[in-house]
Amino acid sequence: MTGFLDSLLGGLALGSVYALIALGFVTIFKASGVLSFTHGSLLLLGGYLVAVLHDDLGFAGALAVAVLVTAAVAGALDRLVLQRVGGSDPHAAHVQTIVTIGVDIVLVTDLARRIGGDLLPLGDPWGSAVTDLGPVTVADSRIAAILVSAVAIGGAFALFRFTPWGLSLRAAAEDREAAALMGVRLTRVRTAAWCLAGALAALAAVFLVAFPAPGLERTTGQIALKAFPAAILGGMTSPVGALVGSMLIGLTEAFVAGYQSDLHVLGEGFGDVAPYAVMVLVLLVRPAGLFAARGAARV
């Protein structure tokens, strides 16, 4: 029972962090139709900034700067690079998706050069502290991940639901041409979406490298790819789906790791591919994702 509860709490913490990343995927896709592959580099950038600034600014100050800078970099990438690619081509979003792969490679290469073979601590206040919750001992970083992610995700949902930008985002996701004709400034909507996604990625970096992880390393950005199945599972236009899909992926990964000895017939590295296996199984039943909007058809 203790092992089950430990895996459950670990899965919830991991799913909460994945939700921050998956929500960025979904927000960008809703605003522009672009499937962003820059999340790995944005996450790595946010973590790197916290690592190099926390000695001078303190953890809170370094995190604030990292979130703002990463958001600005994400917005600049969209405004200065992506929006200049494709033009009026009806397949511009597809071309821009390919461009994000190149941008990610450039950013990751530069950041990996700076990090080298080091493991960089982020100076988070939780350290290796743990808390006893009944029979289960939980790292404080995991508790913080759940609480902070809940606040951040709640704030993002409030933006979607109660602000003019959120209304514009929903209108753009429904029909970009009609939204433009109604006065929605699509370029501003999508740039703001990129900024939000960058900020969420930087925040996620803090909890991905916190205890029990050893610290930030040059391959940390690859973890963002595990949130990709979460966004696909939920349906790329559904923020709620991104949240549910992230929890499903996080719990799957945690339980597979916790019961690896009982799943040895599936191979030692099955935990690494388990999120993708779940994605494939779900998509066989729901090809558009769990929460994908159903389109109306006229005959």
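Once a new chain begins, its residue numbering starts again from 1 and follows that chain's sequence as written. Only residues with pLDDT of 70 or above have their local features reported here, since the model is predicted, and side-chain atom pairs are shown and tallied only from 80 upward, although totals for entire chains, interfaces and linings are computed over all residues. The basis for the side-chain values is all heavy atoms of the structure; hydrogens and waters are excluded.

## Observations concerning the pairing of strand 2 (residues 136-139)
Then, number 1: Both strand 1 (residues 130-133) and strand 2 contribute to a ladder of 4 bridges, which runs antiparallel. When the bridges of strand 2 are listed, leucine 133 appears paired with valine 136.
Then, number 2: Counted between consecutive antiparallel strands, the loop separating strand 1 from strand 2 contains 2 residues, among which glycine 134 sits at a positive phi close to 65°. Two strands form a pair only when DSSP identifies at least two bridges running between them. Secondary structure elements are defined from DSSP: runs of H or I of at least 4 residues count as helices, runs of E of at least 2 residues count as strands, and each element is numbered from the N terminus.

## Re the packing of aromatic side chains
Then, number 1: Pairs were defined over the aromatic rings of Phe, Tyr and Trp, the Trp ring being its six-membered one, requiring ring centres within 6.5 Å. Orientation was assigned from the angle between planes: stacked under 30 degrees, edge-to-face over 60, tilted for the rest. Applying the stated criterion across every chain, the model contains 6 aromatic pairs.
Then, number 2: Ring centres of phenylalanine 25 and phenylalanine 228 lie 5.8 Å apart, and the angle between their planes is 70°; this geometry places the pair in the edge-to-face category. Highlighted residues: phenylalanine 25 in helix 1 (residues 2-32) and phenylalanine 228 in helix 8 (residues 228-234), separated in sequence by 203 residues. Judged on exposure class, the residue phenylalanine 25 and its partner phenylalanine 228 are both buried.
Then, number 3: Between phenylalanine 37 and phenylalanine 228 the ring centres are 6.0 Å apart and the planes differ by 35°, which places this aromatic pair in the tilted class. Residue phenylalanine 37 is found in the loop between helix 1 and helix 2 (39-81), and its partner phenylalanine 228 is found in helix 8; the two are separated by 191 residues along the sequence.
Then, number 4: Each residue is assigned to one of three classes by its accessible area relative to the maximum for its type, calculated with a 1.4 Å probe on protein chains only: buried under 20%, partly exposed between the two thresholds, exposed over 50%. What makes phenylalanine 37 partly exposed here is its relative accessible area of 30%.

## A closer look at unusual backbone geometry
Then, number 1: Geometrically, the link from phenylalanine 211 to proline 212 is a cis peptide bond, its omega value of 10° lying close to zero.
Then, number 2: Topologically, proline 212 is positioned in the loop between helix 7 (186-208) and helix 8.

## Re helix 5 (residues 164-174)
Then, number 1: Residues of helix 5 that are buried: Trp165, Gly166, Ser168, Leu169 and Ala172. Buried residues along helix 5 cover an arc of 160° about the axis, so they all sit on one side. Turned more than 90 degrees away from the buried face of helix 5 sit Pro164, Leu167 and Glu174, all of them exposed.
Then, number 2: Should any heavy atoms of two residues lie within 4.5 Å, those residues are counted as being in contact. On its buried face, helix 5 sits against helix 1, helix 4 (140-162), helix 6 (176-181) and helix 7. Along the arc lie the directions from the helix axis toward the C-beta atoms.

## What about the nonpolar core?
Then, number 1: Side-chain atoms within 4.5 Å link the members of a nonpolar core, which is a set of buried Ala, Val, Leu, Ile, Met, Phe, Trp, Tyr and Cys residues. If you look at the biggest cluster of nonpolar residues, it comprises 72 residues, and the most contacted ones within it are Ile21, Leu43, Val50 and Leu216.
Then, number 2: No other element matches the 14 residues that helix 2 contributes to this core.
Then, number 3: When near neighbours in sequence (up to four residues on either side) are disregarded, leucine 43 contacts Ile21, Ala201, Ala204, Ala205, Leu208, Thr220, Gly221 and Ala224.

## Observations concerning the confidence of the model for the protein chain
Then, number 1: With 92% of its residues at a pLDDT of 70 or more, the protein chain shows a mean pLDDT of 85.
Then, number 2: What pLDDT expresses is the predictor's confidence in each residue, scored from 0 to 100. The weakest mean pLDDT in the protein chain belongs to helix 6 at 80; the strongest belongs to helix 2 at 94.
Then, number 3: Within the model, pLDDT remains below 50 along residues 295-299, and this stretch shows 0 contacts once partners closer than five positions in the same chain are excluded.

## Observations concerning the packing of helix 2 against helix 7
Then, number 1: Here the axes come from fitting lines to C-alpha atoms, over the contacting stretch only for helices, and the angles between their N-to-C directions go from 0 to 180 degrees. It is at 7 Å that the axes of helix 2 and helix 7 come closest, and there the two elements cross at 145°. For the crossing formed where helix 2 meets helix 7, the hand is right-handed. What makes a crossing left-handed is the near helix being turned counterclockwise from the far one by less than a right angle; a clockwise turn instead makes it right-handed.

## Overview of a nonpolar patch on the surface
Then, number 1: Each patch is built from residues lacking any salt bridge and having more than 30% relative accessible area; the joining distance is 9 Å for like charges and 5 Å for nonpolar side chains (Val, Leu, Ile, Met, Phe, Trp, Tyr). In these tables, accessible area is a Shrake-Rupley quantity obtained with a 1.4 Å probe, and a residue counts as shielded only by the protein chains included in the view. In the sections that follow, a salt bridge refers to a side-chain nitrogen of Lys or Arg positioned within 4 Å of a carboxyl oxygen of Asp or Glu. There is a patch of nonpolar side chains on the surface, built from Val240, Val244, Leu248, Leu290 and Phe291 and spanning about 350 Å² of accessible area.
Then, number 2: You can see leucine 290 is positioned in the segment after helix 10 (270-285).
Then, number 3: With a relative accessible area of 32%, leucine 290 lands in the partly exposed category.

## Quick look at the pattern of salt bridges
Then, number 1: Scanning the entire structure with this criterion turns up 4 salt bridges.
Then, number 2: Note that arginine 113 and aspartate 110 form a salt bridge whose closest N and O atoms lie 2.8 Å from each other. Taken together, the residues span about one helical turn, with arginine 113 and aspartate 110 both in helix 3 (residues 92-115) at a distance of 3 residues.
Then, number 3: On the accessibility criterion, aspartate 110 (30% relative accessible area) is partly exposed.
Then, number 4: Between arginine 114 and aspartate 110 there is a salt bridge, with the nearest N and O atoms lying 3.0 Å from each other. Of the two residues, arginine 114 and aspartate 110 are both situated in helix 3; the distance of 4 residues between them amounts to about one turn of the helix.
Then, number 5: Overall, the relative accessible area of 46% leaves arginine 114 in the partly exposed class.
Then, number 6: Salt bridges sharing partners connect three or more residues here, namely Asp110, Arg113 and Arg114.

## Section: the side chain of threonine 252
Then, number 1: In this fold, threonine 252 is placed in helix 9 (residues 239-258).
Then, number 2: Judged by relative accessible area, which is 16%, threonine 252 ranks as buried.
Then, number 3: Leaving out residues up to four positions away in the same chain, threonine 252 has contacts with Ala274 and Val278.

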